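Fold and contact review
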Amino acid sequence: MIASIKDNDEQMNAYCDGELDPTSAIEFERRLADDESLKAQYNRLLSLRRAVRSLPQYDMPPGLRARIQSTLDADSPGHAAARPRQRGWSFQALAAAAVFGAVISSSVLLTIERYDLREDVARQVVAGHIRSQLAPQPFDVASSDRHTVKPWFTSRLPMSPQVVDLAPQGFVLMGGRVDVVGHDPVATIVYKHAAHMVSLTTLPPGQSVSDQAIAGYNVRSWSDAQFTYIAVSDLPSADLAIFERAFSAGSPVPEVK
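Treat the numbers as computed from the prediction; the structure is a model and nothing was measured. (Residues numbered from 1 in each chain as written. Predicted model: local features only at pLDDT ≥ 70, side-chain atom pairs only at ≥ 80, totals over all residues. Heavy atoms only, no water.)

**Quick word on unusual backbone geometry**
Even without being glycine, A194 reaches a positive phi, approximately 55°. As for its placement among the helices and strands, A194 is situated in the loop between β3 (184-193) and β4 (196-203). For A194, a relative accessible area of 63% gives the class exposed. Phi at A215 takes a positive value of approximately 55°, unusual for a residue other than glycine. Within the fold, A215 resides in the loop between β5 (212-214) and β6 (217-223). A residue is classified by how much of its surface remains accessible, and A215, at 60% relative accessible area, is exposed. (Helix = DSSP H or I, 4+ residues; strand = E, 2+ residues; numbered from the N terminus. Buried < 20%, exposed > 50% of the residue type's maximum accessible area, 1.4 Å probe, protein only.)

See below:
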């Protein structure tokens with residue numbers, strides 16, 4: 001079993017790096033389609049790679065570069081006279097390298113932690129959408145009139161989003177509900193496109209959620225000066241992109257007071 005896990009890891013890394021030959025790659029993709037555990041492991045690996053790639057790039061401090069070069073020069077032939085100083089320079093270079101490594105490690109951990117928090121927000125929003133599909137109706141207030149839904153949010157939340165009429169674009173306003181993300185109540189506007197429901201959850205600005213698929217539902221997110229929007233639906237990603245453009249075009253720019 002241990003050997004099998006090791007083989008899976010090696011093959012998965014080779015697949016992600018594009019190192020498998022076409023036959024092996026096709027065989028691995030078939031295994032991914034049939035093995036949910038392997039697929040979950042593959043998705044975790046992709047998430048980790050995305051998090052690492054998003055790390056800021058650091059240049060080596062000039063002082064550290066000079067010290068490392070001095071150490072290398074001292075180790076080269078013809079520098080016997082410099083031997084007494086070699087140890088001191090080595091310790092300084094190692095200490096500087098250790099500090100630099102600690103900074104990079106902290107940055108990696110912080111980036112991964114932030115990524116996990118964003119993904120947790122996405123999972124909570126999708127969970128709210130799923131709960132709404134299991135309820136007798138997916139909204140707390142039922143109305144196709146934005147002048148009814150908007151005041152309903154205003155009376156219940158400290159900040160309420162613009163409610164846009166998108167019926168001409170094929171997304172019919174159905175109503176709204178209050179979801180809870182973390183410990184905060186948030187507004188969710190509900191639209192319908194053919195037989196598909198779209199939950200549009202609004203969060204405070206400055207947050208970030210990656211576009212992805214969770215539990216069979218597509219997630220699409222964007223932001224403006226007032227809110228971060230997260231749309232969840234079983235619609236294809238291309239249709240959610242159309243929904244985003246329609247909503248953004250129909251949402252008025254807030255007046256500066």
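**Examining the packing of aromatic side chains**
The tally for this structure, following the rule as stated, stands at 10 aromatic pairs. With a centroid separation of 4.9 Å and an interplanar angle of 40°, the aromatic rings of Y15 and F28 are classed as tilted. Residue Y15 is located in helix α1 (residues 2-16), and its partner F28 is located in helix α2 (residues 22-34); the two are separated by 13 residues in the primary sequence. Judged by centre distance (5.4 Å) and plane angle (70°), the ring pair of W152 and F153 falls under edge-to-face. (Phe/Tyr/Trp six-rings, centres within 6.5 Å; stacked < 30°, edge-to-face > 60°.)

**Notes on the pairing of strand β2 (residues 172-181)**
Both strand β1 (residues 141-142) and β2 contribute to a ladder of 2 bridges, which runs antiparallel. When the bridges of β2 are listed, V141 appears paired with G176. In textbook terms, the turn of a hairpin is the stretch between consecutive antiparallel strands, and for β2 and β3 this stretch comprises 2 residues, one of which, G182, has a positive phi near 70°. (Pairing = 2+ DSSP bridges.)

**Section: α2**
For α2, with 13 residues, the first-to-last C-alpha span of 19 Å sits near the 18 Å given by 1.5 Å per residue. Among the residues of α2, those classed as buried are A25, F28 and L32. When α2 is viewed along its axis, its buried side chains cluster within an angular range of 65° and face the same direction. Facing away from the buried side of α2 by over 90 degrees, the exposed positions are T23, R30, A33 and D34. (Expected span 1.5 Å × (residues − 1). Arc of directions from axis to C-beta.)

**Digging into the pattern of salt bridges**
Applying the stated criterion to the full structure yields 5 salt bridges. In this structure, R123 and D120 form a salt bridge, with 3.9 Å as the shortest nitrogen-oxygen distance. With a gap of 3 residues between them, R123 and D120 both fall in helix α5 (residues 83-134), about one helical turn apart. Judged by its relative accessible area of 44%, R123 is partly exposed. Exposure remark for D120: the relative accessible area of 33% places this residue in the partly exposed category. Residue R177 pairs with D179 through a salt bridge whose shortest N-O separation is 3.1 Å. Comparing R177 with D179, the two get one shared label, buried. (Salt bridge = Lys/Arg side-chain N within 4 Å of Asp/Glu carboxyl O.)

**Description of the side chain of S233**
Structurally, S233 can be placed in strand β7 (residues 228-233). Judged by its relative accessible area of 0%, S233 is buried. There is a polar contact of 2.8 Å between the side chain of S233 and the backbone oxygen of M197. Within the structure, the side chain of S233 is placed 3.0 Å from the backbone nitrogen of L235, a separation counted as a polar contact. Apart from the residues lying within four places of it in its own chain, the contact partners of S233 are H129, H196, M197, V198, Y217, N218 and L240. (Polar contact = N/O pair within 3.5 Å; in protein donor to acceptor, adjacent residues only side chain to side chain. Contact = heavy atoms within 4.5 Å.)

**Overview of the sheet that holds β2**
Within the open sheet, the 7 strands sit side by side as β1-β2-β3-β4-β7-β6-β5. Their pairing is antiparallel. Each having just a single partner strand, β1 and β5 make up the two edges of the open sheet. Sheet contacts for helix α6 (residues 146-154): β1, β2 and β3; angle to β2, the most-contacted strand, approximately 10°. Against the sheet, helix α7 (residues 237-250) contacts β3, β4, β6 and β7, and its axis sits at roughly 30° relative to β6. (Axes fitted to C-alpha atoms, helices over the stretch in contact; angles between N-to-C directions.)

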